[in-house]
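Understanding the architecture of this molecule
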Amino acid sequence: MKYFFPGLFLFFTSFGFSQQTEYVDFKKAEVDIGVNIDSLGIVGVVKYSFEILKKTDSVFFDAQNINFKAIRMDGKGVKHKNDTKKLCVYSNFKRGTSHEVQFVFRAKPKKALYFIDRDYEDGNKQIWTQGQGKYTSNWLPSIDDMNDKIEFDLTVTFDKDYEVIANGKLTNKQINESTIIWHYDMQKPMSSYLVALAIGKYDKKVAYSKSGIPLEMYYYPEDSLKFEPTYRYTKPMFDFLEEEIGVPYPWQNYKQVPVKDFLYAGMENTGTTIFSDAFVVDSIAFVDKNYVNVNAHELAHQWFGNLVTETSGTHHWLQEGFATYYALLAERKVFGDNYYYWRLYEYAQELLEQHNARQSTSLLDPKSSSTTFYKKGAWVLHMLREKVGDSAFRTAVINYLNKNQFKNVETDDFIKEVEQASGQHLDAFVETWLEAKKFNYDDALKSLEKSVFIQEYLMVDCTGYTSKCSGYLLSGISDEAKIKVVSQMPNRLKKEDFKNSLKVRQAIAKSISKVSEEFKKEYETFLDDKSYVTIESALFRLWNSFPQEQSKYLEKTKDIQGFNNKNIRTLWLTLALITDDFEPENSALFFKELLDYTSPKYGFEIRMNAFNYLMWISSCGEECQENLQQATKHHNWQFSKFAKEMLKIK
C-alpha cells in the first residue's frame, strides 16, 4: 500500500455558517481527491459554486490545519488568508452575483477521517469518515455549520484492489494500472457533516425497494454467511418507512457499510450509512445483538436529519427523537405490537431513572443527554400521535417534510404543521412534554396500559413471594414477565422452570451465580442454547461450580467464538490457562492467542475482552502493557479511556 494521489479536478460545495448563510448560498462542490495511505493524508482539488445573497467583502471555508495552493476565483487569482482554521477569500462581492472558488489542498487529518490497520499486513485495512461531531473540515475544506445545503460530487482515486464508497450514485469507474478513479454524483444538497467516504475490502449485494431505490449492502468477503442475519429485514423496513412517512425516499440510492472500530453504532451519512462491524452477526448472535434497530434508526434519519436538518442543537430532538420513534415503528412492523410497547416501557424506565437522579432536562436544551434527545423525543411523538390521531399526525409529518425539504428547521416548524392538520392548540402539550424538565412518567404509563401485554407485565409481581408465583414460569405469561419473576425470586427456581423459551432460560442462566448439584444437569443444557450470551454465562458458572468437570466444559465449548468481540473464545482461553491439567502441552499457544487479541490488528472490543482477562489472571506482562499504552491513543475515546484506567491497575 503506497501512493494514491488524486485524479483530475474535483469540485466541492460548502455550507454556510450561521454568521455566513445570510450572505452566501453555497450551491455545489466538486471534489477530486486522492488518499495517501503512507502519509495518512489527503490531496485534492475542490471547486465551490456559490451565490451572494447580500453584499459582503469575504467568504470563508472551514479548514482545520489544511494547506492550500493555487487558490483562484472565477478563473483568476484572489486575495485570501488561511489561519489554519478557516480559509477566507476576499473580494467586493455584490448581491445577486455568482462565483466559483477553486483550490488545491493537502490535509493530514487528526480526526473525522480514520486510517485503520495501515501498519498490519494481516489487518483489515480501511479508511472511513465520521463528520457529525468531528467536522468534515478536518479532511475536506467545507462548512461546519449545518445551515447551508450543498450538492457534493466526489471523485476519489485509490488502489484498484479496494472498494471506494461515497455519497450519491457511482457514475463511472476509470480503471488504471494500479488505481481506480471512482466518480460519485449527488443530485440534491446536504449538510457537509453528512459527506461520507469508506474504503476497504468489500463485496456487496443489491436489493430494490418497492419504489425502485437500489439498496446496496456491503460486507467483508469472509463474512458472506453473516450477510443475511446482519441485513435481515432491511428491505421490508425500507418499504414500510417510505409508506409510513408518506414522503418518497429523497436520495438516489441507499448504501450501508460496516467498518472496524467505528466511533458509534452507526451514522446516517446522506444515502450512505456507516455502521460498526460489531453488528455483523450470524444467526445465533442475532438473538442477542443485531443490527435491526440501528438499521431502522439510520434509515429514518435519511428523512429526519438529512432531508430536513435542525438549525441548532436546541432542536436536536427533531433528528434523534424522530429517528428513534420511526425505528420503533419499523420494528413494530417486524416484531409486533408487544415489542413496540415493551421498548417504550424500557425507554420510560430509563427516563424515570434519569429524573430520579436529578439529571432530567428539557427536550429543547442543547446540552441534554442522548437519553433525552432519543427516548424522550420518541415518547413525545408517541403521545402527540395519540393526542391528535393518526390521520392528523401523518398529514403533519408529510407537510413538514415537503415544505422544509433540503432546508433547516426548528421545533415550531413541526408543531405548527401538527396544529394546522389537527385543528388543536398545542401550547400546553409543548410546555408539558418539550419545555419541562420532568418526564411525565404517570401519563406515559397510562398510555402504555392500553396494551394488555403491558398490563400483564405490571400485574405480575413476586417481590413479596406468594404461592401463585411458583407457577408463573410455567404459565402462559409473556417472556418479559417471566424474566421479571426470575429476577425477583432466583432462589425459588425449580427444575421444571428450565423448560422455557430461549430468553427466559438466559435469564435463569444469568441469575444463578453458583450452580447447585440439584440443578447441575438442567444447567448444563444451557451450553447447547443458541445464544452466545447464555453460553458465556453457563460456561463460566459451570466451570466455577464444578472444578472436577472443568475439562469437560472446556472440551464442549472449545470451537465457539461468540460475537464479533470473541466473548466466548477469550473467556475459554482464559479458563483453559488456569484449569489444572487441561491440555498443558497447549498452554503456550493458548496464552499467545489471548495475548495476540490485545494487539491493534483486532477490533477494540476484542482487545478490551483480552485485556480484562489477562488482568484477571495477573498475566498482563510487557507486551500486554505496550499494547495497552498504544490503546491510550486510540481514536475511539471509550477504548482510550478504558486503556488509561487499566494502566492505573497495579
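Our subject is the structure listed above.
Treat the numbers as computed from the prediction; the structure is a model and nothing was measured.

Basis of the calculations
- Residues numbered from 1 in each chain as written.
- Predicted model: local features only at pLDDT ≥ 70, side-chain atom pairs only at ≥ 80, totals over all residues.
- Heavy atoms only, no water.
- Helix = DSSP H or I, 4+ residues; strand = E, 2+ residues; numbered from the N terminus.
- Buried < 20%, exposed > 50% of the residue type's maximum accessible area, 1.4 Å probe, protein only.
- Lys, Arg positive; Asp, Glu negative; His and termini not counted.
- Salt bridge = Lys/Arg side-chain N within 4 Å of Asp/Glu carboxyl O.
- Polar contact = N/O pair within 3.5 Å; in protein donor to acceptor, adjacent residues only side chain to side chain.
- Phe/Tyr/Trp six-rings, centres within 6.5 Å; stacked < 30°, edge-to-face > 60°.
- Lys NZ or Arg CZ within 6 Å of the ring centre and 35° of its normal.
- Pairing = 2+ DSSP bridges.
- Core = buried A, V, L, I, M, F, W, Y, C linked by side-chain atoms within 4.5 Å.
- Contact = heavy atoms within 4.5 Å.
- Patch = residues over 30% accessible without salt bridge, like charges linked within 9 Å, V, L, I, M, F, W, Y side chains within 5 Å.
- Areas by Shrake-Rupley, 256 points an atom, 1.4 Å probe, with all protein chains shown as cover.
- Charge placed at Lys NZ, Arg CZ, Asp CG, Glu CD.
- Axes fitted to C-alpha atoms, helices over the stretch in contact; angles between N-to-C directions.
- Disulfide = S-S within 2.5 Å.
- Expected span 1.5 Å × (residues − 1).
- Arc of directions from axis to C-beta.
- Parallel < 35°, antiparallel > 145°, perpendicular 65-115°, else oblique.
- Nonpolar A, V, L, I, M, F, W, Y, C, P; charged D, E, K, R; others polar.

With that settled, the discussion passes to the side chain of D144. In this structure, D144 sits in the loop between β11 (126-129) and β12 (151-159). Of the side chains with opposite charge, K86 lies nearest to the buried D144, which makes no salt bridge, at 6.6 Å. A polar side-chain atom of D144 sits 2.7 Å from a polar atom in the side chain of S137.

One pass over the structure, following the stated rule, counts 60 aromatic pairs. Considering the side-chain rings of W572 and F590, the 5.2 Å spacing of their centres and the 85° angle between planes classify their relative orientation as edge-to-face. With a gap of 18 residues between them, W572 in helix α18 (residues 567-577) and F590 in helix α19 (residues 587-596) connect regions that are remote in the sequence. Through a chain of ring-to-ring contacts, the aromatic side chains of F304, W317, F322, Y325, Y326, F393, Y400 and F414 assemble into a single cluster. One cation-aromatic arrangement involves R232 over F286; the distance from NZ or CZ to the ring centre is 4.3 Å. Here K289 stacks its cationic end above the ring of F279, 5.7 Å away from the centre of that ring.

Here we take up the pattern of salt bridges. Enumeration over the complete set of coordinates arrives at 31 salt bridges. D117 is paired through a salt bridge with K260; the nearest N and O atoms lie 2.7 Å apart. Of the two residues, D117 is situated in the loop between β10 (113-116) and β11 and K260 in the loop between β19 (254-259) and β20 (266-267); the sequence distance between them amounts to 143 residues. You'll find D117 and K260 in the same group, each marked buried. For the salt bridge of K494 with D497, the shortest nitrogen-to-oxygen distance reads 3.8 Å. Here K494 falls in the partly exposed class, since its relative accessible area comes to 24%. Among the ionic contacts, a cluster of salt bridges with common partners joins K520, E524, E549 and K552.

Note that strand β4 (residues 56-62) and strand β8 (residues 86-93) share six bridges and pair antiparallel. Pairing of S58 across the sheet is with Y90, part of β8. By the bridge criterion, four bridges tie strand β7 (residues 79-82) to β8 in an arrangement that is antiparallel. Within β8, the residue paired with K81 across the bridge is C88. Taken together, β7 and the strand that follows it, β8, pair antiparallel across an intervening segment of three residues, in which T84 is found at a positive phi of about 75°.

As a further point, take the nonpolar core. Grouped together as the largest cluster of nonpolar side chains are 200 residues, with contacts concentrated most on W303, W317, Y326, W379, L401 and F414. Take this core: its biggest share by element is ten residues, from helix α5 (residues 317-335). Setting aside chain neighbours within four positions, we find L401 in contact with I245, V247, W303, F304, L307 and V308. Residues M217, Y219, F275 and V294 belong to the second largest nonpolar core, which totals nine residues.

A cluster of acidic side chains, namely E410, D412, D427, E431 and E435, defines a negative patch on the protein surface. You can see E431 is positioned in helix α10 (residues 427-435).

Read across the sheet, three strands follow the order β4-β8-β7 without closing on themselves; strand pairing throughout is antiparallel. A strand with exactly one partner marks an edge of an open sheet, and here the two such strands are β4 and β7. Between one strand axis and the next, the sheet turns through 20° on average, direction left out of account.

Enumeration over the complete set of coordinates arrives at two disulfides. Each sulfur in the disulfide pair C620 and C624 lies 1.9 Å from the other. Negative torsions about the S-S bond denote left-handed disulfides, and the value of about -85° found for C620 with C624 makes this one left-handed. Owing to a relative accessible area of 14%, C620 belongs among the buried residues under this scheme. Taking relative accessible area as the criterion, C624 reaches 1% and is therefore assigned buried. Cysteines bonded in the protein chain are numbered consecutively along the chain; their disulfide partners then correspond to 1-2, 3-4.

All right, on to helix α8 (residues 390-404) then. Two residues of an α-helix separated by three or four positions point the same way, owing to the 3.6 residues in each turn. Here α8 is 15 residues long and its end C-alpha atoms lie 21 Å apart, about the 21 Å a rise of 1.5 Å per residue gives. Inspection of α8 places A392, F393, A396, V397, Y400, L401 and N404 among the buried residues, and these make up the whole buried set. Along the long axis of α8, the arc covered by the buried residues comes to 160°, so they all point the same way. Close packing links the buried residues of α8 with α2 (234-245), β22 (308-310), α5, α7 (370-388), β23 (407-409) and α9 (411-422). Directly beyond the C-terminal end of α8, a positive phi value near 60° is found at F406.

The residue E353 is located in helix α6 (residues 337-356) in this model. Classification of E353 by relative accessible area gives exposed; the value is 57%. A sequence separation of 182 residues divides E353 from I535, and the C-alpha atoms of the two residues are 31 Å apart.

Another aspect to go through is the sheet that holds strand β18 (residues 214-219). Read across the sheet, five strands follow the order β17-β18-β19-β21-β20 without closing on themselves; strand pairing throughout is mixed. Where the open sheet ends on each side, the last strands, each with one partner, are β17 (203-208) and β20. Bridging between β20 and strand β21 (residues 272-276) involves two bridges; their strand directions are antiparallel. Considered in β21, the bridge of G266 is made with F275.

With that settled, consider unusual backbone geometry. Backbone geometry places D581, a non-glycine residue, at a positive phi of 65°. Positionally, D581 belongs in the loop between α18 and α19. Under the relative-accessibility criterion, D581 is labelled exposed at 73%. In this structure, S618 takes a positive phi of about 55° despite not being glycine. Residue placement: S618 occurs in the loop between α20 (604-616) and α21 (622-631).

Glancing now at the packing of α2 against α8. Closest axis-to-axis distance for the α2/α8 pair is 9 Å, and the angle between their directions is 95°. The pairing of α2 with α8 is recorded here as roughly perpendicular in orientation. The residues of α8 that touch α2, namely those facing E243, E244 and I245, are R394, V397, I398 and L401. Tallied by class, residues from the contact of α2 with α8 come to four nonpolar, no polar and three charged.

In short, geometric facts, not functional conclusions.
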